[in-house]
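The residues making up each chain are set out below.
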Protein chains: 4
Amino acid sequence: MDAAFVLPVRVYFEDTDSGGVVYYANYLKFYERARSEWLRALGISQQSLAQERRILFVVRNVAVAYHRPAVLDDALSVTLDVAKVRGASIEFEQKVVRDADGALCSSCRVTIVCVDGGKMKPAAFPEDILEKFQAASGSRKS
Amino acid sequence: MDAAFVLPVRVYFEDTDSGGVVYYANYLKFYERARSEWLRALGISQQSLAQERRILFVVRNVAVAYHRPAVLDDALSVTLDVAKVRGASIEFEQKVVRDADGALCSSCRVTIVCVDGGKMKPAAFPEDILEKFQAASGSRKS
Amino acid sequence: MDAAFVLPVRVYFEDTDSGGVVYYANYLKFYERARSEWLRALGISQQSLAQERRILFVVRNVAVAYHRPAVLDDALSVTLDVAKVRGASIEFEQKVVRDADGALCSSCRVTIVCVDGGKMKPAAFPEDILEKFQAASGSRKS
Amino acid sequence: MDAAFVLPVRVYFEDTDSGGVVYYANYLKFYERARSEWLRALGISQQSLAQERRILFVVRNVAVAYHRPAVLDDALSVTLDVAKVRGASIEFEQKVVRDADGALCSSCRVTIVCVDGGKMKPAAFPEDILEKFQAASGSRKS
């Protein structure tokens, strides 16, 4: 898969609904797991950021399209690409693809903003984190 | 609140995350509860539709904006307005508003398509349901 | 229903799984909603307790039995009775009953302990809260 | 870890609540993931069982103890041991252990029954599955 980052995800009963497919809100969990693991791969711990620097990454908006339903037991790949980095926000393009047949199940575009957890107000990314985001964004071009 | 339909929702621990606010995916649950109750108010049972007519209503796409965080114990109002009705899809505008201070927590635009549960393919709304949707859509103008 | 407290709960898609029934973990959400509303009815706000007194109510153990499956659209009643009050813990008996036919879907016994949120260690209930719990417990006998 | 089966699980925001810890119902998701992966390792597909043989594995009861809170970003190990196999039910002992310090976060005992998905009534395990369960149970003794 041609993406900056890929997280494998398995579909369990908890993810499905009585329509027999993955419940639409649960794709947002899959997308968030991939973003969290991408941050971890960059050496960024959200738990440490929250506790030591009182910084939270908060979703500002997300647009999700549902193409084909994923079902119980499916092995999925959740992809992540950095679409844009700004001083206090970062935009991702993500997909959920079924491994067995390569079917595109869902895609999304999501914007995350940096928030001061004390005041719950937008704040610029700390310099060390901004540099990592910009490097990750640049790496997509090559 | 000036909306075609309003569902009161309370925030419980299950809805929150360790950032201290409602988890972003869970707003989609709130939005779906309001759509389900709106259908019920129109006399439409999704359980009966699925079992007797093999018809499912499936989310095609959703765009959500997060304005202000809702927190534990908040009493919220989830609104619903019909934006557009087509032969096999319906579009809603929805909001989550905090009762205590009228703060707009989130808003979304969501498109639902009618699906033949046997073939999992798009299908026209049954005539009786389409009429109810069109009536609900028209009632917004007055 | 002969219980100290009853909370009505509706089953939505979010609650179900692809087995066509309410997912087993989600009954614990229903049980917790009823406990939260019971606390609210006693004038106890968990959000205020956490923020102003750094006190959390934490589940120590729970035993759940699943009798009959609840399904999409079911209107349920979640009951709560106080089984035992101690200085730093309280035990509840709870049930989930389907309104349409009175079927017992699930029952549970759950123990909550009072925790000092700063040290994350057990702590005695504040006196005002203990009194409310004891009064609620006593009211069951009459 | 001395267990018949171990599944690694990571804690994401979706798993936590505003108390700053993993929400109590979500441990049941972790336990169920481990059981599903154990079944998969035995060559048993729940999706196939449901669709081809109309057989569901349903939780009859579960007793969970919460020892220490798991938090965001924790790497956990979810263990599974077969405690008892009967003709139409199987009993597991499971644990959630934090990798970083070996802390026991939670433990549970859960009974699963085999259900005929058509009638939603208990049914004996198919012979091929019962043999796999008995073999797995026996393997624990050595």
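A. Here's a closer look at the relation of the copies chain A and chain B. Superposing chain A onto chain B takes a rotation of 180 degrees plus a shift of 0.0 Å along the axis, which leaves an RMSD of 0.0 Å. Accordingly, the operation relating the two chain copies is best matched by a two-fold axis. Using C-alpha coordinates, one finds that chain A approaches the rotation axis most closely at Ala-63 of chain A, a distance of 2.0 Å. In this assembly, 100% of the residues forming the interface of chain A have copies in chain B that are likewise at the interface, indicating an isologous arrangement.

B. Spatial organisation of the interface of chain A and chain B. On the side of chain B, 21 residues touch chain A, which itself brings 21 residues to the contact. The junction of chain A with chain B conceals about 1700 Å² of combined surface from both sides, 62% of it contributed by carbon and sulfur atoms. The three residues of chain A that bury the most area against chain B are Tyr-24, Leu-28 and Tyr-66 of chain A, which together make up 31% of that side's buried surface. Applying the counting rule to chain A against chain B returns zero salt bridges. Between the two partners, chain A and chain B, sit 10 residue pairs in polar contact (both at pLDDT 80 or more). Sorting the residues of the side of chain A that touches chain B by element identifies α1 (26–41) and β2 (55–66) of chain A as the ones contributing at least two each. For the side of chain A that touches chain B, the element with the highest residue contribution is β2 of chain A, accounting for nine residues. Bridging between β2 of chain A and strand β2 (residues 55–66) of chain B involves five bridges; their strand directions are antiparallel. What sits directly across from Ala-65 of chain A, in β2 of chain B, is Asn-61 of chain B.

C. How the structure looks around the interface of chain C and chain D. Each side of the interface is counted separately: chain C has 21 residues, and chain D has 21 residues. Note on chain C versus chain D: buried area summed over both sides is about 1700 Å², and carbon and sulfur give 62% of it. Its largest share of buried area at the contact with chain D, chain C owes to Tyr-24, Leu-28 and Tyr-66 of chain C, together 31% of the area lost on that side. Linking chain C with chain D are zero salt bridges, by the criterion used here. Counting only elements with at least two residues in the side of chain C that touches chain D, the list comes to α1 (26–41) and β2 (55–66) of chain C. Among the elements that line the side of chain C that touches chain D, the one with the most residues is β2 of chain C, at nine residues.

D. Highlighting the packing of aromatic side chains. All names here are of chain A. In the structure shown here, the tally under the stated rule is 36 aromatic pairs over all chains. Arranged with centres 5.2 Å apart and planes meeting at 80 degrees, the rings of Trp-38 and Phe-92 form a pair that is edge-to-face. Remark: Phe-92 occurs in strand β4 (residues 89–98) and Trp-38 occurs in helix α1; sequence separation between them is 54 residues. Of the two residues, Trp-38 and Phe-92, neither departs from the other in class, the shared state being buried.

Here is what the cut-offs are and how they apply
- Residues numbered from 1 in each chain as written.
- Chains lettered and ligands numbered in written order.
- Predicted model: local features only at pLDDT ≥ 70, side-chain atom pairs only at ≥ 80, totals over all residues.
- Heavy atoms only, no water.
- Least-squares fit on C-alpha atoms with pLDDT ≥ 70 in both.
- Contact = heavy atoms within 4.5 Å.
- Buried area = accessible area lost by both parts, 1.4 Å probe.
- Salt bridge = Lys/Arg side-chain N within 4 Å of Asp/Glu carboxyl O.
- Polar contact = N/O pair within 3.5 Å; in protein donor to acceptor, adjacent residues only side chain to side chain.
- Helix = DSSP H or I, 4+ residues; strand = E, 2+ residues; numbered from the N terminus.
- Pairing = 2+ DSSP bridges.
- Phe/Tyr/Trp six-rings, centres within 6.5 Å; stacked < 30°, edge-to-face > 60°.
- Buried < 20%, exposed > 50% of the residue type's maximum accessible area, 1.4 Å probe, protein only.

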